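Tertiary structure, described
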Amino acid sequence: MLATREQELIALHAEHFSRIYQYIAYRISDRERAEELANDVFRIVWEKQPPEPPGIGWLIATARNVLGNEYKGRSRRQQLMQRLAEEARTQAATTNDDAQQASGAEILSLLKERDREILMLSYWDDLTTTELAESLGCTPSAAAVRLHRARKAFAKAAPQHLMTEREV
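Attention in this report is confined to the structure presented alongside it. What you see is a predicted model, and the numbers here were worked out from it, not measured in a lab.

Attention now goes to the pattern of salt bridges. Evaluation of the coordinates by the stated rule reveals nine salt bridges. Across the pair arginine 43 and glutamate 47 runs a salt bridge, and its minimum N-O distance is 3.0 Å. Here the residue arginine 43 and the residue glutamate 47 both occupy positions in helix α2 (residues 31–48), the gap between them amounting to four residues, near one helical turn. Since its relative accessible area comes to 37%, arginine 43 is described here as partly exposed. Each of the salt bridges in this network shares a partner with another, and the network as a whole consists of Glu32, Arg33, Glu36, Glu70, Arg74, Arg114 and Arg146.

This is the structure we're talking about:
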């Protein structure tokens, strides 16, 4: 039975993935994220286990819900970044540490959403690589690569004086 379900999902994916991807890609500007979201639609099909393979209408409705969640997440992240930028501006650099913290928040706001998200999950939420992988829906090695790339992007965007280690 499991093999049959897998075959049905593979066939469903092969038949409808491009339409679902296009539906999502037309509505967001990130091709890679659109592909992830389109795959989420088929993950939901797998998890829901409908008695009959769903048609394109059900898949589009699910894609619409997935997009709604994406829009809400983007809005929350944007609000967070605006709040961080505002806090960074209002925290007049009374000490060197405050200035570095404010600069760090400003640099984060300049990064791509993916880089900012993984850095915040790693450093602010203190997630391990395994936990990052679970939260991002990827393998631990992929999470480690994403984190490495995000760190490089942060280092590239940061002024050199912030990237040198302080002596204690």
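Further remarks concern a negative patch on the surface. A contiguous patch of negative charge on the surface is contributed by Asp125, Asp126, Glu131 and Glu134. For glutamate 131, the location among the structural elements is in helix α6 (residues 129–136). For glutamate 131, a relative accessible area of 37% corresponds to the partly exposed category.

On to the packing of aromatic side chains. Within the structure shown, the criterion is met by two aromatic pairs. On the numbers, 6.2 Å between centres and 20 degrees between planes, the contact of phenylalanine 17 with tyrosine 21 is stacked. You can see phenylalanine 17 and its partner tyrosine 21 sitting in helix α1 (residues 2–25), four residues apart, about one turn around the helix. Taking the relative accessible area as the measure of exposure, tyrosine 21 reaches 23% and is therefore partly exposed. Between phenylalanine 17 and phenylalanine 42 the ring centres are 6.2 Å apart and the planes differ by 40 degrees, which places this aromatic pair in the tilted class.

Time to look at the layout of surface pockets. Taken as a whole, the largest pocket encloses approximately 1100 Å³ of empty space. Elements supplying a minimum of two residues to the lining of the largest pocket: α2, α3 (56–90), α5 (113–124), α6 and α7 (140–157). Tallying contributions element by element places α2 first for the lining of the largest pocket, with eight residues. Each residue belonging to the lining of the largest pocket can be placed in one class, and the counts come to seven nonpolar, six polar and 18 charged.

To continue, consider α2. End to end, α2 covers 26 Å across 18 residues, agreeing with the expected 26 Å (1.5 Å per residue, within 8%). Those residues of α2 that fall on the buried side of the exposure criterion are Ala34, Leu37, Ala38, Val41, Phe42, Ile44 and Val45. Within α2, the buried residues cover an arc of 145 degrees as seen down the axis, which keeps them to one side. Once α2 finishes, glutamine 49 follows within two positions and takes phi at roughly 50 degrees, a positive value.

Now for the packing of α5 against α6. Between α5 and α6, the shortest axis-to-axis distance is 10 Å and the interhelical angle comes to 135 degrees. Between α5 and α6, the crossing angle belongs to the class labelled oblique. With respect to the hand of their crossing, α5 and α6 are arranged in right-handed fashion. Residue-level contacts link Glu117, Ile118, Leu121 and Ser122 of α5 to Leu132, Ser135 and Leu136 of α6.

So, on to the side chain of histidine 16. Note that histidine 16 resides in helix α1. Its relative accessible area of 9% is what places histidine 16 among the buried residues.

Secondary-structure assignment places glutamine 82 in helix α3. Considered as a pair, glutamine 82 and alanine 105 are 23 residues apart in the sequence and their alpha carbons are 10.0 Å apart.

Criteria and cut-off values
- Residues numbered from 1 in each chain as written.
- Predicted model: local features only at pLDDT ≥ 70, side-chain atom pairs only at ≥ 80, totals over all residues.
- Heavy atoms only, no water.
- Salt bridge = Lys/Arg side-chain N within 4 Å of Asp/Glu carboxyl O.
- Helix = DSSP H or I, 4+ residues; strand = E, 2+ residues; numbered from the N terminus.
- Buried < 20%, exposed > 50% of the residue type's maximum accessible area, 1.4 Å probe, protein only.
- Patch = residues over 30% accessible without salt bridge, like charges linked within 9 Å, V, L, I, M, F, W, Y side chains within 5 Å.
- Areas by Shrake-Rupley, 256 points an atom, 1.4 Å probe, with all protein chains shown as cover.
- Lys, Arg positive; Asp, Glu negative; His and termini not counted.
- Charge placed at Lys NZ, Arg CZ, Asp CG, Glu CD.
- Phe/Tyr/Trp six-rings, centres within 6.5 Å; stacked < 30°, edge-to-face > 60°.
- 1 Å grid on protein atoms, 1.4 Å probe; cavity = no way out; pocket = protein on both sides within 12 Å on 5 of 7 lines; lining within 4 Å.
- Points joined across faces, edges and corners; volume = space filled by probe spheres on them.
- Nonpolar A, V, L, I, M, F, W, Y, C, P; charged D, E, K, R; others polar.
- Expected span 1.5 Å × (residues − 1).
- Arc of directions from axis to C-beta.
- Axes fitted to C-alpha atoms, helices over the stretch in contact; angles between N-to-C directions.
- Parallel < 35°, antiparallel > 145°, perpendicular 65-115°, else oblique.
- Left-handed = near helix turned anticlockwise from the far one by under 90°.
- Contact = heavy atoms within 4.5 Å.

Geometric values such as these leave the question of function open.
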